[in-house]
Amino acid sequence: MRIEKLYPMTSARLMVIDVAATLQAAALTLSNPGIGLAVVSKENGKAAGVLSKSDLIRHLADHEPTASIEALMSRNIISCSPADELQAAWRVMVENRIQNMPVLGADAKPLGVLDIRDALKVLFEQEQLQEHMLANYIAGIGY
């Protein structure tokens, strides 16, 4: 299954903040339920980095209230595209120990955020369907 088929899920999790936004704006964005990652964009709308809840919490623990979003964000963006296979994207997330991965389109435009729980749910449902079809085939019911 390609990630583009999960567009309703990934687009619902997309939160984009400007690189010049305040820490308060970032905290407000990340305080929404189900949102674990914000894509940081520049004026042209391209992704410049990502800011996770963990990044923000680490920053607050260091007591630097004047730091900018640009100083806090991760510039090394581990992302996927809509054409990528879900299982491959899930493997990348596991290998890099990340819970959320931005879905970037052409020219690094943010399209959504893939949450590892959503990916696991869909992969599990696919496996259940295949198991059901195989059981029906073996039982002679057809598929």
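The rules behind the values
Residues numbered from 1 in each chain as written. Predicted model: local features only at pLDDT ≥ 70, side-chain atom pairs only at ≥ 80, totals over all residues. Heavy atoms only, no water. Buried < 20%, exposed > 50% of the residue type's maximum accessible area, 1.4 Å probe, protein only. Helix = DSSP H or I, 4+ residues; strand = E, 2+ residues; numbered from the N terminus. Pairing = 2+ DSSP bridges. Axes fitted to C-alpha atoms, helices over the stretch in contact; angles between N-to-C directions. Parallel < 35°, antiparallel > 145°, perpendicular 65-115°, else oblique. Left-handed = near helix turned anticlockwise from the far one by under 90°. Contact = heavy atoms within 4.5 Å. Nonpolar A, V, L, I, M, F, W, Y, C, P; charged D, E, K, R; others polar. Polar contact = N/O pair within 3.5 Å; in protein donor to acceptor, adjacent residues only side chain to side chain. Salt bridge = Lys/Arg side-chain N within 4 Å of Asp/Glu carboxyl O.

## What about the pairing of strand β5 (residues 110–115)?
Here's step 1: The element β5 is largely enclosed, with a buried count of five among its six residues.
Here's step 2: Taking the residues that link successive antiparallel strands as the turn, the strand β4 (residues 100–104)-β5 hairpin has five residues, and the phi of Asp-107 there is positive, at about 60°.

## Here we look at the side chain of Thr-10
Here's step 1: In this fold, Thr-10 is placed in helix α1 (residues 7–12).
Here's step 2: A relative accessible area of 4% means that Thr-10 is categorised as buried.

## A look at the packing of helix α2 (residues 23–30) against helix α3 (residues 53–62)
Here's step 1: Remark: α2 packs on α3, axes separated minimally by 10 Å, with the N-to-C direction vectors making an angle of 135°. Taken together, α2 and α3 sit at an angle that is classed as oblique. For the pair α2 and α3, the sense of crossing is left-handed. Across the interface between the two elements, Leu-23, Ala-26, Ala-27 and Leu-30 of α2 pack against Lys-53, Leu-56 and His-59 of α3.
Here's step 2: Residue composition of the contact of α2 with α3, grouped by class: five nonpolar, one polar and one charged.

## Observations regarding the environment of Arg-75
Here's step 1: Tracing the chain through its elements places Arg-75 in the loop between α4 (69–72) and α5 (86–96).
Here's step 2: Not counting residues within four places of it along the chain, the set of residues in contact with Arg-75 comprises Ala-48, Gly-49 and Glu-70.
Here's step 3: Reaching out from Arg-75, the side chain makes a polar contact with the backbone oxygen of Glu-70 at a distance of 3.2 Å.

## Looking at the pattern of salt bridges
Here's step 1: Scanning the entire structure with this criterion turns up six salt bridges.
Here's step 2: Of the charged contacts in the structure, one is a salt bridge between Arg-13 and Asp-118, with a shortest N-O distance of 2.7 Å. Linking Arg-13 in the loop between α1 and β1 (16–18) with Asp-118 in helix α6 (residues 116–139), this pair joins segments that are 105 residues apart in sequence.
Here's step 3: Note that Glu-70 is salt-bridged to Arg-75, the shortest N-O span being 3.8 Å.
Here's step 4: Overall, Glu-70 belongs to the partly exposed group, its relative accessible area being 36%.
Here's step 5: Within this structure, Arg-13, Asp-115, Arg-117 and Asp-118 form a network of salt bridges that share partners.

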